[in-house]
Structure formats: C-alpha cells, structure tokens
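Overview (structure and organization)
Spelled out, the chains give:
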2 protein chains.
Amino acid sequence: MTADKNAPVGVFDSGLGGLTVVREIMRNLPDESLVYFGDTARVPYGNKSKDTIIRYSGQIIRFLQEQNVKAIVVACNTASALALDTVEKEIDLPILGVVRPGAGMAIRTTRNKRIGVIATEGTIRSGLYHELICAEDPEISVFEKACPLFVPLVEEGWNKDPVTEEVARRYLKELLENDIDTLIMGCTHYPLLRTLLKRVVGEKVTLVNPAYETAQALKQLLEKRNLFHEPVSVGEEAGRYRYFASDSIEHFKDFANRILPYDIVQAEQVAIEKY
Amino acid sequence: MTADKNAPVGVFDSGLGGLTVVREIMRNLPDESLVYFGDTARVPYGNKSKDTIIRYSGQIIRFLQEQNVKAIVVACNTASALALDTVEKEIDLPILGVVRPGAGMAIRTTRNKRIGVIATEGTIRSGLYHELICAEDPEISVFEKACPLFVPLVEEGWNKDPVTEEVARRYLKELLENDIDTLIMGCTHYPLLRTLLKRVVGEKVTLVNPAYETAQALKQLLEKRNLFHEPVSVGEEAGRYRYFASDSIEHFKDFANRILPYDIVQAEQVAIEKY
C-alpha cells in the first residue's frame, strides 16, 4: 500500500499540551495537514498506570487511522514513554514519539555529560529518557525529577508567577546541585514555562524542547518515505487543521487559540472509549 | 421490592478524595458494609464538562447496582453538583450527594449570613451550593472560588507546605475581604488541608466539611427507610469493605491506607467504560 502524500499527519496527546508540538509542526512543516486528538475527558495521563495509557493510546490510534492519516506523532511524553513500544507493533503506519527526539538533542547538547530530565511521574517511572540516553552514550549521567505541579500551574495560567518559580526552584534544586548543563523539558506543557525555567536554571544550563525536536524528526521521517505534502498556499489553513477531543470542545478552543498561530475553525467531540 | 438491610452502601468518587467521606461513614456508621469505587483512570472530574461527568457517573452507578448496594453516596462534589439531579431520575435506589448536606450545615452555621465556598471549577460553575443556600435563605450572600491547585498540592503531599499556604492565601483573599464567617470545603480533598486552611482563614471563620455532614445525612436516610445494617462485631472489618478503581490499584492502596482507619484488604480494578 502506498500512503497518500497529501493525507494528514495524526497528532495526539492526553489533552492540550500536545498543541505545543502542533505549533512546532506548523512552523517547520507548513504544508502538512494535521488531525489532532486531545483526550481531554481522561486527562492527565502523567499519574496513571502503564496498562491504562496503552489502552487509551490504542483507542486514539484506531480513531486516527479512521481519519486516514499517513503518520502518527505521539505528542505526549507519558504516552511516548509508556505505550509507544507496544502500540507501534500493532500498526503499519510510521509513528514517532517525543521522547527519542528529545533524548537525541540532549545528547548532542551536553558538554559535561550531565543531563537533567523533568517530566510527569509516569514518564520518570518509565526510565525511558535515562535508557535511551545511556544506550547512546553510557558516560552520560542522567538526573530525573517528576514535577506533577507544573501542569496544573500552567493550566491555572500562573506561568510567570512567583509561586510557580518557588515550586520550580524546589523541583530543580537537586538537578542543579548535580551540575547538569542540559535540561529536557519532558512534558509538553513545560515549554510554556520556558522563561521561568530559564531564570531558575541560569545561563549555564540549556533547555531542550522535545516538541521542536519532534517536528524535525517528523520532517526527516516524511522525507525518507517520500511523504511530504504538496506545497499549499498561505490562507488555506482552515480546512487543513482538524481538532478532536474526548471532552467538550469549548474549553479546548479557548486554550488552543492561546497557543496556536491559527484560530481553530473545526473542532469536534469524539466518544473515544468506543474505539 | 424490599431492600436488603445488610447490603452494602455504594460510595463513589472521581478518584481517592471520596475516601474522606468513607472515613466519616466508617466512624459514624460502624456497622455498615461499603463498596467504594474510585474512577482513578479518568480522574479528575473538576475541570471536565457536565455531559462527561453525567456519562461517567451513570457508568459507575450501573457498576454499583451490580454489587447490589442498598443506597449510593456520590462522594464527589463535582459529580454531586453536575450529575446527581440527572442520574437520580434513572435509578430506584436512594442516592445522596455531598453538596446538599454541606450547604445545609453552612446555613445552620453562619451568623452573619456570609458563606464562602471553595471547590473545583466544575462545582463552582454549576452554582449548586449558591442555589441551595439561597433557596433556603435568600438573605445569605454566597462567595465562591474555584481552587484547582489544591488537589494536585494534596496529591503531591504538600498539605502543610508554605507554597500551599501562599496559594491558599491568594485563593481565599477575596472571600475573606467579603467578611465570610463560614467556609464550605467543597471538594473531598480539601479536608486534608484543614489545618492549613484554618490558619489562613483565622478563628472567626468556621470550616464546614461536607464529608462529615454526608455521613450524618446517610444515617438519617438509612434510619428513615429502616435500612440500618445489623450490628457487627469489631474485627469483622476485612470482608465488609470492598474497593474498586478504574486504574491500577497499587497507587490506590498506598493513598487509601494513609487516609483510612483500616488497611485495605480487598481491592480490584474495573473496566468502567464497559458499563
């Protein structure tokens, strides 16, 4: 079967955080059509079990396949860390997560071979960032910290708040004491805290945004498989980006319009547990 | 149909917070058997839509009916506020939520007729506390505030942390400026912040815990319907309390054993979306 070049790329996340990945894909692959699914009725994934995340991811992938996507991006660190290796065995489509691109960039960035990872409990518990980095370069030390309060703080809109800064100082204390020079923002919400995190970690530490690296990895994947969308004209945004969510799309639209360069035109609720 | 006196009472919540209600029922109705369901695979409910909460609550009630419960307690403020009036029409069993008992106690407590309510976004948006209080006494002013960071702070274990206190001061500022003398802790996690909240609101403000009031309301309901369980001996705890959750029960057990007077013996995962 030859995949259709002009088919959309499917992107999914536990909720809205994955839109930071969508944003990077829009910037770096402006011709691609996208179908986004946010599992807003079951969000968050970060504190749930591996089996549950695999089941949820499987349902979403079946939904995306029904939309005839040509490739899938798991724009959620927790699902990438806990479910990707299982679900990729079950489908024919090319699929990529955010963890591997993020880990690769951190390896290329570190000078002193000391990398920090901040993420949800599920991602940290999986140990996947650690594993991928050490498989590539066993001399690198990886220091990890689950930061469960960051997502609710971002969702409360306290991205630049002194409370969030105090929480960040506490979460990052041990990583900084371990003299990291590179920090992976291992949850799709965290790039929205970039300015504050930069202030806390200081000039010496480079922040790695897996969302950006994932857009680059997608570009390479589409190129390799000769799956680039034909060039489109500016102004054709509306029909090319479709959004789906498992909960009501009202709140979804508000948040999405704050993050994305184009206003959301088409968004629909999906009964995802039926898939 | 005569209900079986010795059947268990069903209690459910979006996750683990409802165990504060279970604790009060155990203390106040020590003879009753309980079946608890925590929707840990889809937690939280506080920021999700009314339709989704109604669908989830319906599934859980069908599961509890299958366990032959004699009555149901909706031990979740959000589900009580958004779903109870819909789901109670569909079942024959007596069912009660936490909002009405909490509102009733606040009305009996206030002296200056100024009541504050803190809760999830869903509960506040429903306006149910406001509505029930003003229906009973239109002279009472109700001041409400959604506090979405409290649940994650409790789950992080920062119940007595200066960060949590700063967050609480900010959330409660306007309510205190409005000179409330009574504050309803309108989310089942909040009683775990009682000490800290008491410090923030000061001596003049009385905290109302709907969990305690709900246990009292359940007692009245069982009495009225002649549904009290026959007396049991101490030491028979094990078989009488059964716990179910939609996600893995491991984390569930850890948290529950911190809150409840008896260690959890029997706990099982349920595929709730099939109900």
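Owing to the predicted nature of the structure, the values given are computational and were not obtained by experimental measurement.

Residue and element names in this part refer to chain A. What the six strands build is an open sheet, ordered E4-E3-E1-E2-E9-E10; its pairing is parallel. If you trace the sheet from one side to the other, it starts and ends with strand E4 (95-97) and strand E10 (266-269), each paired once. The sheet shows a mean angle of 20 degrees between the axes of neighbouring strands, taken without regard to direction. The pairing of strand E1 (residues 9-13) with strand E3 (residues 71-74) spans four bridges and is classified as parallel. Each bridged residue has a counterpart across the sheet, and for Val11 the counterpart in E3 is Val73. Against the sheet, helix H2 (residues 50-66) touches E1, strand E2 (34-38), E3, E4 and strand E9 (241-245), its axis set at about 155 degrees to E1.

As a further point, take the interface of chain A and chain B. Chain A puts 30 residues into the contact, and the matching count from chain B is 30 residues. Both faces combined, the contact of chain A with chain B buries some 2400 Å², and carbon together with sulfur accounts for 51% of it. When the buried area of chain A at its contact with chain B is split by residue, Leu149(A), Arg170(A) and Glu273(A) rank highest and sum to 22% of it. Across the pair Asp161(A) and Arg170(B) runs a salt bridge whose closest N-O atoms are separated by 2.5 Å. Our count for the contact surface shared by chain A and chain B stands at 16 residue pairs in polar contact (both at pLDDT 80 or more). Elements with a contribution of two residues or more to the side of chain A that touches chain B: H2, helix H8 (150-155) and helix H9 (162-177) of chain A. Broken down by class, the residue content of the side of chain A that touches chain B amounts to 12 nonpolar, eight polar and 10 charged.

Under the definition given, this model contains 23 salt bridges over all chains. Note that Lys173(A) and Glu177(A) form a salt bridge whose closest N and O atoms lie 2.9 Å from each other. In this pair, Lys173(A) and Glu177(A) are both assigned in helix H9, four residues apart and thus about one turn of the helix distant. Linking Arg27(B) and Glu24(B) is a salt bridge whose minimum nitrogen-to-oxygen distance equals 3.3 Å. Residue Arg27(B) and its partner Glu24(B) are located together in helix H1 (residues 19-28), separated by three residues, close to a single helical turn. A relative accessible area of 54% means that Arg27(B) is categorised as exposed. Residue classification places Glu24(B) among the buried positions, given a relative accessible area of 7%. Shared partners join several salt bridges into a network, and the residues in it are Asp161(A), Glu166(B) and Arg170(B).

With that settled, consider the relation of the copies chain A and chain B. The transformation that overlays chain A on chain B combines an axial shift of 0.0 Å with a rotation of 180 degrees, and the residual RMSD is 0.0 Å. Considering both components of the superposition, the chain copies are consistent with a two-fold axis. When each C-alpha of chain A is compared by its distance to the rotation axis, Arg42(A) comes out closest, at 2.2 Å. Interface overlap between copies is the fraction of interface residues in one copy that are interface residues in the other; for chain A against chain B it reaches 100%, indicating a shared surface.

Conventions and cut-offs
Position labels on residues start from 1 in each chain and follow its written sequence. The naming scheme follows written order: chains are lettered A onward, ligands numbered 1 onward. Note on the predicted model: pLDDT of at least 70 is required for a residue's local features to be given, and 80 or more for side-chain atom pairs to be given and counted; whole-chain, interface and lining totals, by contrast, use all residues. As a convention, hydrogens and water are excluded, and side-chain values are obtained from all of the structure's heavy atoms. Pairs of strands are assigned from DSSP output, requiring at least two bridges between the strands. Secondary structure elements are defined from DSSP: runs of H or I of at least 4 residues count as helices, runs of E of at least 2 residues count as strands, and each element is numbered from the N terminus. Helix axes use the C-alpha atoms of the stretch in contact, all axes being lines fitted to C-alpha atoms, and the angles between their N-to-C directions lie in the range 0 to 180 degrees. Only heavy atoms enter the contact rule, under which two residues are in contact if any of them lie within 4.5 Å. Take the accessible area each of two parts loses on contact, using a 1.4 Å probe, and add the two losses: that sum is the buried area. In what follows, salt bridge is the name for a side-chain nitrogen of Lys or Arg lying within 4 Å of a carboxyl oxygen of Asp or Glu. As used in this structure description, the phrase polar contact means that two N or O atoms lie within 3.5 Å; if the pair is within protein, one of them must be able to donate a hydrogen and the other to accept it, and residues adjacent in sequence are counted only when both atoms belong to side chains. Residues are grouped as follows: nonpolar covers Ala, Val, Leu, Ile, Met, Phe, Trp, Tyr, Cys and Pro; charged covers Asp, Glu, Lys and Arg; every other residue, Gly included, is treated as polar. Think of it in three bands: residues with accessible area under 20% of the maximum for their type are buried, residues over 50% are exposed, and the middle band is partly exposed, with areas taken using a 1.4 Å probe on protein chains only. Copy-to-copy superposition: least squares on the C-alpha atoms, limited to residues that have pLDDT of at least 70 in both copies.

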